[in-house]
Amino acid sequence: MNTVLAVATQAQGAALTAAAVAAAAVLVLREPRARAIAMIAALILAAAAMAALKAHTVSKGISDHPALVGAAALAGLGALAAFVELIRRRPEAFALLTFAALPFRVPVPVGGDNANLLLPLYGVIAAGAIAYAIRRWQAEARSVTPPAGASARALRRVEVALAIVLVLYAVQSTYSSDINQASVAVCFFYVPFAVLFRLLLDVRWSQRLLRQVFALVVGLALLFAAVGFVEAATGRLLISNSKVLAANEIKPYFRVNSLFFDPNIYGRFLALTMIVLAASLAALRRGREVGIVAAALAVLWAGMVLSLSQSSFAALLVGLLVLAALRWRTVIVAGSVAVALAIGLAVVFIAPDQVGLHTGSLKGLDRSTSGRTDLIRGGARMARDRPVWGFGSGSFADRFRKRERVRSEKSAAVSHTIPVTVAAEQGAIGLVAYLWLVLAAFMLVFGGLRRAVRAGPPRDAVARAAIAAAYAGLVLHTLVYAAFLEDPLSWALLALGASLRLASDRRGDGDEVPSADGSPHHPAVAIP
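Residues numbered from 1 in each chain as written. Predicted model: local features only at pLDDT ≥ 70, side-chain atom pairs only at ≥ 80, totals over all residues. Heavy atoms only, no water.

Undergrad: Summarise the overall build of the protein; cite the residues concerned and give the values.
TA: Along the protein, the regular secondary structure elements total 21 helices and four strands. Here the contacts in the protein between residues at least 6 apart in sequence split such that 73% fall between residues at least 24 apart. For the protein, the exposed surface amounts to about 24100 Å²; the carbon and sulfur share of it is 66%. (Helix = DSSP H or I, 4+ residues; strand = E, 2+ residues; numbered from the N terminus. Contact = heavy atoms within 4.5 Å. Areas by Shrake-Rupley, 256 points an atom, 1.4 Å probe, with all protein chains shown as cover.)

Undergrad: I'd like a description of the nonpolar core, backed by residues and values.
TA: Core analysis: the biggest nonpolar cluster contains 141 residues, and Leu162, Phe193, Phe197, Trp205, Phe484 and Leu494 have the highest contact counts within it. For this core, the leading source of residues is helix α8 (residues 179–201), giving 18 residues. Apart from the residues lying within four places of it in its own chain, the contact partners of Leu494 are Val158, Leu162, Phe197, Ala441, Leu444, Val445 and Tyr471. Leu375, Met382, Phe391 and Phe396 belong to the second-largest nonpolar core, a separate cluster that totals seven residues. (Core = buried A, V, L, I, M, F, W, Y, C linked by side-chain atoms within 4.5 Å. Buried < 20%, exposed > 50% of the residue type's maximum accessible area, 1.4 Å probe, protein only.)

Undergrad: Kindly report on the confidence of the model for the protein, identifying the contributing residues and their values.
TA: Scored by pLDDT, the protein has a mean of 82; 76% of the residues are at 70 or more. Contacts for the low-pLDDT stretch residues 508–514, under 50 throughout, to residues beyond four places or in other chains number 18 contacts. (pLDDT = per-residue confidence, 0-100.)

Undergrad: So what's going on with helix α6 (residues 119–138)? Which residues, and what values?
TA: In this model α6 runs 29 Å from its N-terminal to its C-terminal C-alpha over 20 residues, within 8% of the 28 Å that 1.5 Å per residue would give. Within α6 the residues assigned to the buried category are Leu121, Tyr122, Val124, Ile125, Ala127, Gly128, Ala129, Ala131, Tyr132, Ala133 and Arg136. (Expected span 1.5 Å × (residues − 1).)

Undergrad: I'd love a proper account of the pattern of salt bridges, names of residues and values included.
TA: A complete count under the given rule lists 13 salt bridges for this structure. Arg136 serves as the salt-bridge partner of Asp202, at 3.0 Å between the closest nitrogen and oxygen. Of this pair, Asp202 sits in the loop between α8 and α9 (207–234) while Arg136 sits in helix α6; the two residues are 66 residues apart in sequence, bridging distant segments of the chain. Grouping residues by exposure puts Asp202 and Arg136 together as buried. Among the ionic pairs, Arg268 bridges to Asp487, the shortest N-O distance being 2.5 Å. Note that Arg268 is positioned in helix α11 (residues 263–280) and Asp487 in the loop between α20 (462–480) and α21 (488–506), a separation of 219 residues in sequence. Classification of Arg268 as buried rests on a relative accessible area of 1%. Here the salt bridges do not stand alone but share partners, grouping Arg135, Arg136, Asp202 and Arg204 into one network. (Salt bridge = Lys/Arg side-chain N within 4 Å of Asp/Glu carboxyl O.)

Undergrad: So, the environment of Ala14: which residues are in play, and what are the values?
TA: You can see Ala14 is positioned in helix α1 (residues 2–28). Note on Ala14: relative accessible area 46%, which makes it partly exposed. Separated by 35 residues in sequence, Ala14 and Ala49 have C-alpha atoms that sit 9.2 Å apart.

Undergrad: Please provide a residue-by-residue account of α8, values included.
TA: Taking 1.5 Å as the rise per residue, α8 with 23 residues should run 33 Å; its terminal C-alpha atoms sit 31 Å apart, in good agreement. Of all bends in α8, the biggest is about 35°, found at Val186. Where burial is concerned, most of α8 is hidden: 21 out of the 23 residues are buried. (Bend = angle between axes of the 7 residues up to and from the residue.)

Undergrad: Explain the packing of helix α2 (residues 32–53) against α8 residue by residue, including any values.
TA: Their axes nearest at 10 Å, the elements α2 and α8 cross at an angle of 160°. The angle between α2 and α8 places the two elements in the roughly antiparallel class. At the point where α2 passes α8, the crossing takes the left-handed sense. Mapping the contact onto sequence places Arg35, Met39, Ala42, Leu43, Ala46, Ala49, Met50 and Leu53 in α2 and Ile179, Asn180, Ser183, Val184, Cys187, Phe188, Val191, Pro192, Val195, Arg198 and Leu199 in α8. For the contact of α2 with α8, the class distribution of residues is 15 nonpolar, two polar and two charged. (Axes fitted to C-alpha atoms, helices over the stretch in contact; angles between N-to-C directions. Parallel < 35°, antiparallel > 145°, perpendicular 65-115°, else oblique. Left-handed = near helix turned anticlockwise from the far one by under 90°. Nonpolar A, V, L, I, M, F, W, Y, C, P; charged D, E, K, R; others polar.)

Undergrad: Could you give an account of the packing of helix α7 (residues 150–171) against helix α18 (residues 418–446), with specific residues and numbers?
TA: At a minimum axis separation of 9 Å, α7 and α18 run at an interaxial angle of 155°. By the criterion of interaxial angle, the relationship of α7 to α18 is roughly antiparallel. Once α7 is placed against α18, the crossing between them reads as left-handed. Packed against α7, whose contacting residues are Ser151, Ala154, Leu155, Arg157, Val158, Val160, Ala161, Leu162, Ile164, Val165, Leu168 and Tyr169, the element α18 presents Glu425, Gln426, Ile429, Gly430, Ala433, Tyr434, Trp436, Leu437, Ala440, Ala441, Met443 and Leu444 at the interface. Partitioning the contact of α7 with α18 into residue classes produces 19 nonpolar, three polar and two charged.

Undergrad: Let's hear about the side chain of Asn264: which residues, and what values?
TA: Looking at the secondary structure, you find Asn264 in helix α11. Residues contacting Asn264, with those up to four places away along its chain left out, are Arg255, Ser309, Ser311, Ser312, His477 and Tyr481.

Undergrad: Any chance you could break down a nonpolar patch on the surface for me, citing the residues and the numbers?
TA: Taken together, the side chains of Leu222, Phe229 and Val299 present a nonpolar region at the surface, about 190 Å² in accessible area. Checked against the element boundaries, Val299 lands in helix α12 (residues 287–307). (Patch = residues over 30% accessible without salt bridge, like charges linked within 9 Å, V, L, I, M, F, W, Y side chains within 5 Å.)

Undergrad: Lay out the environment of Val432 in plain terms, naming residues and giving numbers.
TA: Inspection of the secondary structure assignment puts Val432 in helix α18. Sequence spacing of Val432 and Pro419 is 13 residues, and the spatial spacing of their C-alpha atoms is 9.9 Å.

Undergrad: Before we move on, could you go through the packing of aromatic side chains and cite the residues and values that matter?
TA: According to the stated counting rule, one finds 14 aromatic pairs in the structure shown. Between Tyr122 and Phe188 the ring centres are 6.2 Å apart and the planes differ by 20°, which places this aromatic pair in the stacked class. Of the two residues, Tyr122 sits in helix α6 while Phe188 sits in helix α8, which places them 66 residues apart along the sequence. Exposure remark for Tyr122: the relative accessible area of 15% places this residue in the buried category. A relative accessible area of 16% places Phe188 in the buried class. An aromatic cluster is defined as three or more aromatic residues linked by ring pairs; in this entry it consists of Phe104, Phe224, Phe260, Tyr266 and Phe269. (Phe/Tyr/Trp six-rings, centres within 6.5 Å; stacked < 30°, edge-to-face > 60°.)

Undergrad: So what's going on with the environment of Pro488? Residues and values would help.
TA: Within the secondary structure, Pro488 sits in helix α21. Sequence separation between Pro488 and Thr98 is 390 residues; the distance between their C-alpha atoms is 9.6 Å.

Undergrad: Describe unusual backbone geometry, and please don't skip the residues or the numbers.
TA: Here Ser258, not a glycine, exhibits a phi torsion of approximately 50°, which is positive. The residue Ser258 is located in the loop between α10 (242–250) and α11 in this model. With a phi close to 50°, Leu308 is a non-glycine residue in the positive phi region. Structurally, Leu308 can be placed in the loop between α12 and α13 (310–327).

Undergrad: Can you break down the side chain of Asp398 residue by residue, with the values?
TA: By secondary structure assignment, the location of Asp398 is in helix α17 (residues 396–404). Of note is the side chain of Asp398, whose polar atom sits 2.6 Å from the side chain of Ser177. Apart from the residues within four sequence positions on either side, Asp398 is in contact with Ser177 and Asp178. (Polar contact = N/O pair within 3.5 Å; in protein donor to acceptor, adjacent residues only side chain to side chain.)

Next comes the structure, spelled out in structure tokens:
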């Protein structure tokens, strides 16, 4: 039995590796037609790998509800065809459809569990990949000249780092004790989001399109906040989450999650939107516009307060600090941060109970951090026991429960700290790749940014500053909560930041500039 299970795990790991290699090819190939083939292949291989793993569930679902499945398939194909035609005729529509679909997750049974999948976004990605392939095969074959310059080299480092992380994660799933979790990560997140990243780089980011995306994201955030207000007023969650419901029953407060399953992901979306809104203030000149943005910030702040997401507050603070550091002297910003940290640490040491921290014992500290202290300590022990290659991709929860003898399925078994998870699952090999990716990403979005912001006028760099600050907040959120490459916002912000930097470095006065693949590209400008 163990031999059969091992063979099945290795076979599934090989399938995941094939899908990851195709996704890596999407990231690193330069020739458009070859990249188009890789896109389609990556999506098909990912779907096939997931279907093979869940063959029984898929066949049972079809046999139990054949008419419903057939109708859904026809409707899905019809919608896909419509999106393909729309994107083929108006390529900029892909960006709007992407950002419109980014937040929406649909609960879907995967095996014995329910997974909250980004089904609308998957449809947009598939349509974008097909439209991209049609455009490339209809166009004349041509040699592609790789973009030159510091920004192009920075983007290339990120593409290579992403490709390595993807393939490495898939390869290390071959010895994981939880191939299901690794399959979900590769097939539902890494592979489709790699295609998304490449497609967003191909978008012509005009001033009009940036404004449309900006307005769309702010509008969605305000909608989510309004839903949160209704939840708080009625005391009922629109999307049920058993853990949040249980906490709301016994705690003196009520957490909302709006149209998100997780209050922390809801808070993350609002925090990143607030960072972008705050950045736009630097480019506004009319009092009416400043008033509208200030009102929107107040509404989103109230909505985020109701989420009670500490990690989202931390992300917002980091994003605002980045904006301040870009605008003002580093000494002033660093001094202000040092004073605030000193005051905070003094409060923690003098009166920890007043801020909800119980530092008298490890159990008290663990309770104050919602169980994360034990999770981090357990993850550190896992990394210590297998320091080089780890326990396998996706295995953290399974291994942690067995090693720490956690029997309750309701007990948390996810570290909520990305470096700890990577070190435990993938060892030093995966941790080095992850750190290289984060460093390369920051070098890409922040390269030359401070000089551009200070050179002015503000509108020339406000979009880059907004994306860079939001990305910094997102990375901080992943360090204290979770979901780095599993969140499409990570890929979308990185792709948009790369496009804006390429356009900024190459822009002439009204001239077209090449996109990331060397094709003509209209200059990107600020969001104001």
